[in-house]
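Take a look at the letters that make up each chain.
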Amino acid sequence: MYRRYPFLDHPGPLAFAHRGGAKENPENTYPAFARAVDLGYRYLETDAHATADGVLLAFHDHTLDRVTDRRGRVSELPYREVRRALVGGTEEIPRLEDLLATWPDVRFNIDIKEAPAIWPLAEAIERTNSYDRVCLTSFSDARLQATLRAIGRPVCHSLGPRGVAALRTASASAGYGRLLAGLARSGAACAQVPMGFRGLRLTTRNFVRTAHAIGLQVHVWTIDDPARMHELLDMGVDGIMTDNIGGLRDVLESRGQWHPHRAAA
């Protein structure tokens, strides 16, 4: 009923360095990703935006304003301008394809932020032959599905917002067997969710149990508090995304569940 992807083939629970580990270094920068890899992280979480001339970047916001020393909407600016922006005033915005090439044995969880990033991302995955080491997600079902079509072959991906909503509905009430069967056939490998949304608790034991019953992993973002990490791990979640990469490593080590990645020589 469900597809197993090589992306998930690693002893769990999976530890994701959210934006590289934004608590220790400027988010979505080479120092952040390098620090996470040095700590033993195999899974790096990042975001995909494209410039007006189609250069794919690892960058979260629609605009440069919040985290760089420049202003403007990424998708409306040429790369020659965006490349001069410095995150935190010190670090260049990396091209996502360069990250895939720099760490060829590391896996990337990629949030597709806007439609202009769809084709550049598909092309970057093809050029780097990264089909088995990416997992795609998006806050837009249409954008996620368009990206999967552009890639044209199976890659790991999460449920979109509608799928997550359906999974929560089914986990809270009985009688949704047909709905769950549809989710199991969707091709998604995981549900990537926050602990709660708009005051509503989302990640519950029933939610995790229901996801597991149809072959889906549950990855929770963005958890920086060690007590919350323990709570979620006790609940049986399959992965945690964090800015506090040292803290998550310590928690997993204390539980005998830290499986560090060793980069190939």
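Above this note sits the structure.
About the criteria used
- Residues numbered from 1 in each chain as written.
- Predicted model: local features only at pLDDT ≥ 70, side-chain atom pairs only at ≥ 80, totals over all residues.
- Heavy atoms only, no water.
- Helix = DSSP H or I, 4+ residues; strand = E, 2+ residues; numbered from the N terminus.
- Buried < 20%, exposed > 50% of the residue type's maximum accessible area, 1.4 Å probe, protein only.
- Contact = heavy atoms within 4.5 Å.
- Lys, Arg positive; Asp, Glu negative; His and termini not counted.
- Charge placed at Lys NZ, Arg CZ, Asp CG, Glu CD.
- Salt bridge = Lys/Arg side-chain N within 4 Å of Asp/Glu carboxyl O.
- Axes fitted to C-alpha atoms, helices over the stretch in contact; angles between N-to-C directions.
- Parallel < 35°, antiparallel > 145°, perpendicular 65-115°, else oblique.
- Left-handed = near helix turned anticlockwise from the far one by under 90°.
- Nonpolar A, V, L, I, M, F, W, Y, C, P; charged D, E, K, R; others polar.
- Pairing = 2+ DSSP bridges.
- Polar contact = N/O pair within 3.5 Å; in protein donor to acceptor, adjacent residues only side chain to side chain.
- Phe/Tyr/Trp six-rings, centres within 6.5 Å; stacked < 30°, edge-to-face > 60°.
- Lys NZ or Arg CZ within 6 Å of the ring centre and 35° of its normal.
- Right-handed = clockwise from strand over helix to strand, strands pointing away.

## What about the overall build of the protein chain?
Each helix and strand counted, the protein chain has ten helices and 13 strands in total. If one aligns the C-alpha atoms of the protein chain with their principal axes, the spans along those axes are about 55 × 40 × 40 Å. Split into buried and exposed, the 265 residues of the protein chain put 56% on the buried side. A sequence separation of at least 24 residues applies to 64% of the contacts in the protein chain between residues at least 6 apart. Side chains of the protein chain give 33 positive and 31 negative charges; the mean places of these two sets differ by 6 Å.

## Considering the pattern of salt bridges
When charged atoms on two side chains of opposite charge get close, those side chains can pair. Under the counting rule described, the total for this entry stands at 16 salt bridges. The salt bridge involving arginine 95 is made with aspartate 98; its shortest N-O contact spans 2.9 Å. Close ionic contact of arginine 127 with glutamate 97 constitutes a salt bridge, the shortest N to O distance being 2.6 Å. Note that arginine 127 is positioned in helix H4 (residues 118-127) and glutamate 97 in helix H3 (residues 96-102), a separation of 30 residues in sequence. Residue arginine 127 is classed as exposed on the basis of its relative accessible area of 54%. Owing to a relative accessible area of 18%, glutamate 97 belongs among the buried residues under this scheme. Ionic contacts of the salt-bridge type, sharing partners, join the residues Arg19, Glu27, Asp61 and Arg66 into one network.

## Some words on the packing of H4 against helix H5 (residues 141-151)
Packing of H4 against H5 brings their axes to within 9 Å, and their N-to-C directions diverge by 40 degrees. Viewed along their axes, H4 and H5 adopt a mutual orientation that is oblique. Crossing of H4 against H5: the hand is right-handed. Contacts between H4 and H5 pair Ile118, Trp119, Leu121, Ala122 and Ile125 from the former with Arg143, Ala146, Thr147, Ala150 and Ile151 from the latter. Of the residues belonging to the contact of H4 with H5, the class tally is eight nonpolar, one polar and one charged.

## Digging into the pairing of strand E9 (residues 190-194)
For E9, the buried fraction is high: five of the five residues fall into the buried class. Strand direction decides the pairing type here: E9 and strand E12 (residues 217-221), joined by five bridges, are parallel. Paired with valine 193 across the bridge in E12 is valine 220.

## Quick look at the side chain of threonine 242
With respect to the secondary-structure elements, threonine 242 resides in strand E13 (residues 239-242). Overall, threonine 242 belongs to the buried group, its relative accessible area being 0%. Side chain to side chain, threonine 242 and aspartate 224 meet in a polar contact 3.0 Å long. Setting aside chain neighbours within four positions, we find threonine 242 in contact with Phe16, Ala17, His18, Gly21, Tyr41, Thr222, Ile223, Asp224, Met229 and Leu248.

## Brief notes about the packing of aromatic side chains
Taken as a whole, this structure holds five aromatic pairs when the rule is applied. With a centroid separation of 6.2 Å and an interplanar angle of 40 degrees, the aromatic rings of tyrosine 30 and tryptophan 103 are classed as tilted. With tyrosine 30 in helix H1 (residues 30-39) and tryptophan 103 in the loop between H3 and strand E6 (107-112), this residue pair connects regions lying 73 residues apart in the sequence. Ring geometry for phenylalanine 139 versus tryptophan 221: centroids 5.9 Å apart, planes at 85 degrees, classification edge-to-face. Placement of phenylalanine 139 in the loop between strand E7 (134-137) and H5 and of tryptophan 221 in strand E12 is noted, with a sequence separation of 82 residues between them. On the accessibility criterion, phenylalanine 139 (54% relative accessible area) is exposed. The rings of Phe7, Phe16 and Tyr43 are connected pair by pair, giving a single aromatic cluster. Sitting above the plane of the tyrosine 131 ring, arginine 153 keeps its charged end 3.8 Å from the centroid.

## Digging into the pairing of E12
Burial analysis of E12 places four of its five residues in the buried class, the great majority of the element. Of the strand pairs in this sheet, E12 and E13 are connected by two bridges, and their pairing is parallel. Paired with valine 220 across the bridge in E13 is isoleucine 240. Crossover E12 to E13 through helix H9 (residues 226-235) is right-handed.

## Things to note about the environment of glycine 163
Locating glycine 163 in the fold gives a position in helix H6 (residues 161-172). C-alpha separation for the pair glycine 163 and glycine 182, spaced 19 residues apart in sequence, amounts to 9.4 Å.

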